[in-house]
There are 2 protein chains.
Amino acid sequence: MTRFIDTLTASWRRTGSLLCVGLDPDADKLPRAAIDALDGGAGAGLFAFNREVIDATAPWACAFKAQFAHYAAVGAERELQRSIAYIKQRHPDTPVILDAKRGDIGATARMYAREVFERYGADAVTVNPYLGGDALAPFLEYADKGVFVLCRTSNPGSGDFQQLAVDGTGGRTLAEHVAARAAGAWNANGNVGLVVGATWPEEVGKIRAQVGAMPLLIPGVGAQGGDLAATLENGLVDVGDAVRAGLLINISRGITGAAGDGEDFAAAAGRAAQRWCGEINRLRGCG
Amino acid sequence: MTRFIDTLTASWRRTGSLLCVGLDPDADKLPRAAIDALDGGAGAGLFAFNREVIDATAPWACAFKAQFAHYAAVGAERELQRSIAYIKQRHPDTPVILDAKRGDIGATARMYAREVFERYGADAVTVNPYLGGDALAPFLEYADKGVFVLCRTSNPGSGDFQQLAVDGTGGRTLAEHVAARAAGAWNANGNVGLVVGATWPEEVGKIRAQVGAMPLLIPGVGAQGGDLAATLENGLVDVGDAVRAGLLINISRGITGAAGDGEDFAAAAGRAAQRWCGEINRLRGCG
């Protein structure tokens, strides 16, 4: 049994990359060449599209992340399943996160854990902490899998609740209180990570100070305008042998939708992944 | 366009019931007769099971609620889709809630809204407020659909975050602050409801005092041991013409798993639904 954190750490070292490639194909936003690949409608073609993107970007990806909604909206569960299976087969050392943001009470959470880890075979999942620790336990019990808990999300309204100061926690915000729980009792199996948006780089620093070397999954770079340089400065951490990592910088549309008119979408995705990987590495001083 | 709240209010009146029948078939927990109906494995048979339960319980159900995880875990999206379509066809006046507890940032939330309302054709959905108001907007924009926001969930650990007092809200807990937002800006289309567990009947009362006649979806009665009498006392509200309602009391396993050895599962489900409906009505003084 290989633990998720070990697979991820090995992947950071092997690829020399902190880039997480987001597989969120949205037929309405894909370039022409990509849409042509999505033949048949209703989800058919998503696997063919992903397959090309996966192979083109794998050399620059420390991980892949599939966004569940993009498959669920069009009835493409089978395409999602095939995409994850393809990564496990062709790129077995690159972990796959299923970004499903699950959150439900115990008995139901067990069904969701079964879905993500057994049905889809993902290596890690994103979960929502609002229901409390007992609702996360069924995920955390999969000791070899990774569980990324939403902490400070990248959207403009994330402060509505996440930035409220909560009583009795020494002035912590709700997000910081979630981070404290994540670094404490929830992490008995050493398999917890957090989601913190690059749109809040100061929070990346505060949370990093709270949670040690725990992996942080970082959305919000690219289309959402997150501050990559400040996020890296505040979030990088030594993961052993003087390697500065601890972050998965997710880019989705900036890679899958990189092609211009008439361009090959997979080649464009590969170039975009190489460019993002390089930009991240330049900023972390190892490019 | 019929608004969800109007369909629901009409259903409360027509059926004289506050019972919401939960369609959460779990092959591991179903009685023998039910398992026999689940022939073929991997989700096959779930529709056949649901169809029988739906027809047997409809006279005593103000609504149906399907729990997404129970279908997703076994790859039974098609069975879920068929179950909802069956209700729309045979019992068109009984609203269907898809209990999926979605929560994601704007663009992705739009995909989830499309999934629940367009792909599955549900009349209402459950959503998680942790990401803030902008993440709920894509659901709330479906003015004719219902959106039940998680407020105080039924599980033992729900207080981990939901019961924390938040600064700057006049001593409100996080759950009460969510309720305030739900009753305010989020409810511009009059389509918001809240999820409050019967395991916290005092919270039902506090939240009812905050939100007026907003519908409350109440899990936690039955297997989870919630206090039905206190929940009704604290949560009932006049919904017009002196009808005391405003609550959807959800029972899942107590109905779908009501059959003993050798008993017909659908007949047992029908009897259990009638019993729960009667017990609720006795306690609200109209049995």
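Per chain, residue numbering runs from 1 following the sequence as it is written. A letter from A marks each chain and a number from 1 marks each ligand, given out in the order of writing. Restriction of local features to residues with pLDDT of at least 70 applies here, the model being predicted, together with a cutoff of 80 or more for giving and counting side-chain atom pairs; totals for whole chains, interfaces and linings are based on all residues. Each side-chain value is worked out from all heavy atoms of the structure, with water and hydrogens disregarded.

Q: I keep staring at the side chain of Thr169 of chain B and nothing clicks. Help me out?
A: All names here are of chain B. Note on conventions: DSSP H or I runs of at least 4 residues are helices, E runs of at least 2 residues are strands, and numbering of each starts at the N terminus. Following the sequence through the fold, Thr169 ends up in the loop between α8 (159-162) and α9 (174-183). A relative accessible area of 11% means that Thr169 is categorised as buried. At 2.9 Å, the side chain of Thr169 forms a polar contact with the backbone oxygen of Val166. Three labels apply to residues, based on accessible area from a 1.4 Å probe with only protein chains included: buried if under 20% of the type maximum, exposed if over 50%, partly exposed otherwise in between. Think of a polar contact as two N or O atoms within 3.5 Å of one another; within protein, one of them needs to be a possible hydrogen donor and the other a possible acceptor, and neighboring residues in sequence only count if both atoms come from side chains.

Q: How do you make sense of the packing of helix α3 (residues 46-57) of chain B against helix α5 (residues 77-90) of chain B when you look at a structure like this?
A: A pair of packed helices is characterised by two quantities: the angle between their axes and the separation of those axes. Residue and element names in this part refer to chain B. At a closest axis distance of 9 Å, the pairing of α3 and α5 adopts a crossing angle of 25 degrees. As the angle between them shows, α3 and α5 are arranged roughly parallel. The way α3 lies across α5 gives a crossing that is right-handed. Here α3 contributes Leu46, Phe47, Asn50, Arg51, Ile54 and Asp55 to the contact with α5, which in turn contributes Glu79, Arg82, Ser83, Tyr86, Ile87 and Arg90. Classifying every residue of the contact of α3 with α5 by side-chain character gives five nonpolar, two polar and five charged. Throughout, an axis means a line fitted to C-alpha atoms (over the contacting stretch in the case of helices), and angles, computed between N-to-C directions, take values from 0 to 180 degrees. Angles below 35 degrees are treated as roughly parallel, those above 145 as roughly antiparallel, those between 65 and 115 as roughly perpendicular, and all remaining angles as oblique. The sense of a crossing depends on the near helix, which, turned anticlockwise from the far helix by less than a right angle, makes the crossing left-handed and, turned clockwise, makes it right-handed. Any two residues having at least one pair of non-hydrogen atoms within 4.5 Å are treated as being in contact. Under this grouping Gly is polar, as are all residues other than the nonpolar Ala, Val, Leu, Ile, Met, Phe, Trp, Tyr, Cys and Pro and the charged Asp, Glu, Lys and Arg.

Q: It is not clear to me how the sheet that holds strand β1 (residues 19-23) of chain A should be interpreted in this structure. Could you clarify?
A: Sheets are built from strands paired through backbone hydrogen bonds, the pairs being either parallel or antiparallel. All names here are of chain A. Strands were regarded as paired on the criterion that DSSP finds at least two bridges between them. Strands sit in the order β1-β2-β3-β4-β5-β6-β7-β10 around a closed barrel of eight strands; the barrel is parallel. In this sheet, adjacent strand axes meet at a mean angle of 30 degrees when their direction is disregarded. Taken together, the three bridges between strand β7 (residues 216-218) and strand β10 (residues 247-251) define a ladder with parallel strand orientation. Across the sheet, the residue bridging to Leu217 is Leu248, located in β10. Running over the sheet, helix α5 (residues 77-90) touches β1, β2 (63-67) and β3 (96-102) and is turned about 145 degrees from β3. The sheet contacts of helix α9 (residues 174-183) involve β5 (146-152) and β6 (192-196), and relative to β5 the element is tilted by about 155 degrees.

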